[in-house]
Amino acid sequence: MSEFRIHHDVSELLNLLHVRGGDGAEGYSDLLQKHRTPYVTTTVSAHSAKVKLAEFSKTPEDFLKKYEELKSKNVRNLDPLVYLLSKLSEDKETLQSLQQNAKDRAESSANTTSTTTTSFTLPQTSTKMSMQELDELRKKLGNVTASANAPMPAEVTRKMLRDRHNKKNPTQPNPVFPNWVYDRPALIGDFITGTTSTGEPPVAVGTLPLAVQEQALVEDLLFVLSGVDGRDITAQPVLGRQNRSFIIDPTLDMSVKELVNRILPVASYYSTVTRFIEEKSSFEYGQVNHALTAAMRTLMKEYLILVTQLEHLLRQGLLSLQKLWFYIQPTMRTMEILASIASSVDKGECMGGSTLTLLHDRTFNYTGDSQAQELCLYLTKAASVPYFEILEKWIYRGIINDPYSEFMVEEHELQKEKIQEDYNDKYWDQRYTIVQHRIPSYLQKMADKILSTGKYLNVVRECGRDVTCPDAKEVLYTLKERAYVEQIEKAFNYASKVLLDFLMEEKELVSRLRSIKHYFLMDKGDFFVHFMDLTEEELKKPVDDIVPPRLEALLELALRMSTANTDPFKDDLKIDLMPNDVITQLLRVLAIETKQEKAINNAEQTDTTLSGLEAFSFDYIVKWPLSLIINRKALTRYQMLFRHMFYCKHVERVLCNVWICNKDFKQYSLHCGKWFAASFALRQRMLNFVQNIQYYMMFEVMEPTWHVMEKNLKTVSNIDDVLHHHTSFLDNCLKDCMLTNPELLRIFSKLMSVCVMFTNCMQRFTQSKRMERISLEQGSIDGAASQGEHTDDEKKKLTTKFLAEHADTFQSDASFEATINKFDNNFSLLLLDLLDKLSIYSTNDCEHSMISIIYRLDFNGFYTERLERMAVERSQKAAA
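Bear in mind the structure is a predicted one, so any value in this text is a computation, not a measurement.

Cut-offs used in this document
- Residues numbered from 1 in each chain as written.
- Predicted model: local features only at pLDDT ≥ 70, side-chain atom pairs only at ≥ 80, totals over all residues.
- Heavy atoms only, no water.
- Helix = DSSP H or I, 4+ residues; strand = E, 2+ residues; numbered from the N terminus.
- Areas by Shrake-Rupley, 256 points an atom, 1.4 Å probe, with all protein chains shown as cover.
- Contact = heavy atoms within 4.5 Å.
- Salt bridge = Lys/Arg side-chain N within 4 Å of Asp/Glu carboxyl O.
- Buried < 20%, exposed > 50% of the residue type's maximum accessible area, 1.4 Å probe, protein only.
- Patch = residues over 30% accessible without salt bridge, like charges linked within 9 Å, V, L, I, M, F, W, Y side chains within 5 Å.
- Axes fitted to C-alpha atoms, helices over the stretch in contact; angles between N-to-C directions.
- Left-handed = near helix turned anticlockwise from the far one by under 90°.
- Nonpolar A, V, L, I, M, F, W, Y, C, P; charged D, E, K, R; others polar.
- Parallel < 35°, antiparallel > 145°, perpendicular 65-115°, else oblique.
- Core = buried A, V, L, I, M, F, W, Y, C linked by side-chain atoms within 4.5 Å.
- Pairing = 2+ DSSP bridges.
- pLDDT = per-residue confidence, 0-100.
- Expected span 1.5 Å × (residues − 1).
- Phe/Tyr/Trp six-rings, centres within 6.5 Å; stacked < 30°, edge-to-face > 60°.

Participant: Can you help me understand the overall build of the protein in this one?
Facilitator: Secondary structure assignment for the protein yields 32 helices and six strands. Carbon together with sulfur atoms contributes 54% to the accessible area of the protein, which is approximately 49100 Å² in total.

Participant: Would you explain the side chain of R637 in this entry?
Facilitator: Its place among the elements puts R637 in helix 25 (residues 632-661). For R637, the contacting residues outside a window of four places in its chain are T727, L730, D731 and L734.

Participant: Please clarify how the pattern of salt bridges should be interpreted in this entry.
Facilitator: Once the charged atoms of two side chains with opposite charge are near each other, the side chains can pair. Under the criterion given, the structure shown has 31 salt bridges. The partner of E411 in a salt bridge is R431, with the nearest N and O atoms 2.8 Å apart. Here the residue E411 occupies a position in strand 3 (residues 409-411), and R431 occupies one in the loop between helix 16 (427-430) and strand 4 (432-434), the gap between them amounting to 20 residues. Residue R431 is classed as buried on the basis of its relative accessible area of 11%. For the salt bridge of E506 with R465, the shortest nitrogen-to-oxygen distance reads 3.1 Å. You can see E506 sitting in helix 18 (residues 482-506) and its partner R465 sitting in the loop between helix 17 (447-462) and helix 18, a full 41 residues away along the chain. Overlapping salt bridges, with partners in common, bring together R333, E336 and D369 in one network.

Participant: What is the right way to look at a nonpolar patch on the surface in this model?
Facilitator: A surface patch of nonpolar side chains, amounting to about 250 Å² of accessible area, comprises L81, L84 and L85. Here L85 is to be found in helix 5 (residues 78-90). Of the residues examined, L85 reaches a relative accessible area of 35% and is grouped as partly exposed.

Participant: Is there a simple way to think about the packing of helix 11 (residues 254-280) against helix 12 (residues 286-315) in this case?
Facilitator: Between two packed helices, the angle of one axis relative to the other and the distance separating the axes together describe the packing. Helix 12 packs onto helix 11 with a crossing angle of 145° between their chain directions and a minimal axis gap of 9 Å. Classified by chirality, the crossing of helix 12 by helix 11 is left-handed. Two secondary-structure elements touch here, helix 11 through V266, Y270, V273, T274, F276, I277, E278 and K280 and helix 12 through N289, H290, L292, T293, M296, R297, M300, Y303 and L304. Partitioned by chemical class, the residues of the contact of helix 11 with helix 12 number ten nonpolar, four polar and three charged.

Participant: Would you explain the packing of helix 12 against helix 13 (residues 321-347) in this entry?
Facilitator: Following both chains from N to C, one finds helix 12 and helix 13 inclined at 160°, their axes separated by 12 Å at the closest point. Taken together, the axis directions place helix 12 and helix 13 in an arrangement best described as roughly antiparallel. Along this stretch, helix 12 crosses helix 13, giving a crossing that reads as left-handed. In this structure, helix 12 uses N289, L292, M296, L299, M300, Y303, L306, L310 and L313 to contact helix 13, whose residues at the interface are L324, Y327, I328, T331, M335, L338, I341, A342 and V345. Within the contact of helix 12 with helix 13, the residues separate by chemical class into 16 nonpolar, two polar and no charged.

Participant: Looking at this structure, I do not really get the nonpolar core. What am I missing?
Facilitator: What tends to happen in soluble globular proteins is that the nonpolar side chains get buried as a cluster. Counting 112 residues, the largest nonpolar core has F527, F618 and F689 as its most contacted members. Here this core gets 13 residues from one element, more than from any other, and that element is helix 26 (residues 677-713). I277, L338, A372 and W394 belong to the second-largest nonpolar core, a separate cluster that totals 83 residues.

Participant: I tried to follow the pairing of strand 6 (residues 616-620) on my own but got confused; where do I start?
Facilitator: Regular strands place side chains that alternate from one sheet face to the opposite one. Burial analysis of strand 6 places five of its five residues in the buried class, which makes it a mostly covered element. Side chains F616, F618 and Y620 of strand 6 all project onto a buried face; the interleaved residues S617 and D619 project onto the opposite face, where all are buried too. Pairing between strand 5 (residues 573-577) and strand 6: five bridges, direction antiparallel. Note that in strand 6 the partner of K574 across the bridge is D619.

Participant: Whenever I open this one, unusual backbone geometry confuses me. Can you help?
Facilitator: Negative phi values dominate among residues other than glycine, just as trans dominates among peptide bonds. Here the bond from W624 into P625 is cis, since omega is 5°, no more than 30 degrees from zero. Note that P625 resides in the loop between strand 6 and helix 25. Its identity as a non-glycine residue notwithstanding, E508 has a phi of 50°, on the positive side. Considering the arrangement of structural elements, one finds E508 in the loop between helix 18 and helix 19 (509-520). Of note in the backbone geometry, M738 takes a positive phi value of approximately 65° without being a glycine. With respect to the helices and strands, the residue M738 is situated in the loop between helix 27 (719-736) and helix 28 (742-787). Looking at M738, the relative accessible area reads 2%, which means it is buried.

Participant: How do you make sense of the environment of I546 when you look at a structure like this?
Facilitator: Within the secondary structure, I546 sits in the loop between helix 20 (525-539) and helix 21 (548-561). I546 gets classed as buried once you look at its relative accessible area, which sits at 6%. Along the primary structure I546 and L577 are separated by 31 residues, whereas in three dimensions their C-alpha atoms are 9.4 Å apart. With near-sequence residues (within four places) excluded, I546 lies in contact with E538, L539, K541, L551, L577 and G612.

Participant: What am I meant to see in the confidence of the model for the protein here?
Facilitator: If pLDDT is low for a region, its predicted coordinates should not be looked at in detail. With 73% of its residues at a pLDDT of 70 or more, the protein has an overall mean of 77. Overall, residues 114-127 carries pLDDT values under 50, and its contacts beyond four positions in sequence, including any with other chains, amount to five contacts. Considering only residues more than four positions removed or in separate chains, one finds that residues 802-813, a stretch of pLDDT under 50, has 20 contacts.

Participant: Whenever I open this one, helix 10 (residues 210-225) confuses me. Can you help?
Facilitator: Because each turn of an α-helix spans 3.6 residues, side chains separated by three or four positions end up pointing in the same direction. Taking 1.5 Å per residue, 16 residues should reach 22 Å; helix 10 reaches 22 Å between its end C-alpha atoms and fits that length. All of the buried residues along helix 10 are Q213, A216, L217, V218, D220, L221, L222, V224 and L225. Looking at the buried positions of helix 10, the neighbouring elements they touch are strand 1 (233-235), strand 2 (246-248), helix 11, helix 12 and helix 13.

Participant: Sorry if this is basic, but what is going on with the packing of aromatic side chains here?
Facilitator: Two descriptors summarise a pair of aromatic rings, namely the distance from one centre to the other and the angle between the planes of the rings. Counted by the stated rule, this structure contains 31 aromatic pairs. Every member of this aromatic cluster is reached through a ring pair, and the members are Y519, F520, F527, F528, F531, F616, F618, Y620, Y638, F642 and F646.

Participant: What exactly am I supposed to notice about the environment of G189 here?
Facilitator: Position of G189 among the secondary structure elements: in the loop between helix 9 (180-183) and helix 10. When the C-alpha positions of G189 and T274 are compared, they lie 6.7 Å apart, and in sequence the two are 85 residues distant. Setting aside residues up to four positions removed in sequence, G189 forms contacts with S226, G227, Y270 and T274.

Here you go:
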């Protein structure tokens, strides 16, 4: 059982039990996977578990009856379920918990249950019911009970199956037998009940001599064995799936009657098999059932030949009742097995793979009875022929031809073009899916490989290439499962190699991934320097004012001017302006199916105008079949990584611009520059933080993870491994870059916001002081000009002297130093909070890669003492 199947079953069980809290489905799934052991079903273990549960049950007869009913319907995993229930019955704590849960659920349902859906108008209890009202009520109750228990008519079942088929295949309507096939009961071969004879009343057979009685009963039995009522033995009408019963003349001699009763079950088996053949041979029940009925029809012909031979003996006077019993005994076992199989298929409403599972289990269970096993083996081989024909087309050519929905793989109508557009598109997972109840039990272990084999070939076929497995051999049913395994393994290996070579060599998958890495993971440094220089002014505008074609033109220019010009796939890179900033996008993704999802979605509806920089992202054009690997979900992950690093690069650039602007203050005297020392130190700390974060993400997360993926791609054997390694690469990058942890993401977002606000503040302050300096310079030059002409050197010296003397005027904004201190405090607190959270996650969640950030940011132990103090306070709170 796959991990996803376990998680689904656990989740369903928790919902049924109304269990809330705890570790949820994930925690229980992990426990099950760690501690589960394979259960091998044996006859002894299943029987002992059944006996134990029957002893534990308050109504053992009802339990055993229900067990046999489910067994006759060939319910899957019945014996493992009974074994599990028997183990639960031994655990007193679990039993008490389940009983309490059932009690709580019953109380809650009793509080919310409304009136019953069946609307009967009952008279008030205070009044007496008349006989007419009582009869009417009795009829209504009888009709409801009869309708609930009666099986669905065959005509209705056929119509439902036909409608389902026509809905799925509107261009290929299901062929239908003409009505006269069903309107003429004499064509069926079964007993025609409800007819009355119009001749003289027959003489009671019991009044005749014993020899005459025996002779008359032999003739009657031969009629009954071929589906025709006799004179003294008549068939009873059957309702639904009941077995046929017979009425024997009560005046018959007891010794003859006893022998007749021994033979009559054969006639009942014949009736059951004949009805099954006539019903299931219709097209609506599928090719497998049709093949099964054809094989049964062949056996029934042999049976009727035997009856005909017995009639010849009767005409020659060589057949007595004892001889009839002797001749019919070998056939009785065959007919019993056929009737049992027919009843089980009918009760279980089996089609396709479920029919083959039932036949295989019967064949396997008759291991000690060679004759019965040979019969079941014949039926299973015949019934499996159409199923294996569908299987061969699927695993050898990648084509599904399943008009009656019998095959284990089901095709869904999905457009492969949407895989590049829709984030939630699951083409690879949902175009072809496994239907569990259609898997024959002998192919259960190979179901996943069968699915993958056809999917691989189908992808290549949809690219316009006709592929056929060179090792294609006819698949035949056998009790030796190894034969299937070898053939499916060969087909799987061929399909894997064909698709992998097609993607790797012809479609250059690895080169495509490298191209994406150049742009989305900022691998080409010179390209990004050119691009950010060219688009700096454009990206400062509000997103609504940006002209996308202009950005596309600038992107094209940057590509041609850098080393990215050598990339053969550079023309597939496009510009994309997103509706949300990267932090909002990430938080929205992380909040899916959580309590915070509604709050975040409501917060997004506020009208906030994004700048071009906040909305900017790259997009990439990927065509089929590469879109299987580089689908919209993968591209979205690439986009989130790119936007995160691109914004960090922008913050680094604006901090460097502040450093350049602050160069102007060098011309002031030393004692005047002390006001800017705190701001210069804070700017350097911020720059150190941003650069170290970038270095960590690019060289300690993405590059090593990329090399691991590239190495793994050289050794993969199928496309599912490629998908797995590519998805793991992106998931690891997102996790190690702190993009999957909402708490770390919020702190990091605040740190970036503080850095940006600080740079804006410094730029405004520098700009204002530059304007003051210009005005002071102009004033000093004008004053000196009134005293006479000076040379340029003298003007420069005079200006410097004047600025030094009037430096105190720069402190006109008294809040500047307080503002810097506030920025410093906010940045330090947030940085300490980030380092503290990183230390917690790296220790508790074993995220050891995040320790590198702590070492880089706290390389000289500047924050160590405060971090240790915070850890002590946290442990004291936990202890309290």
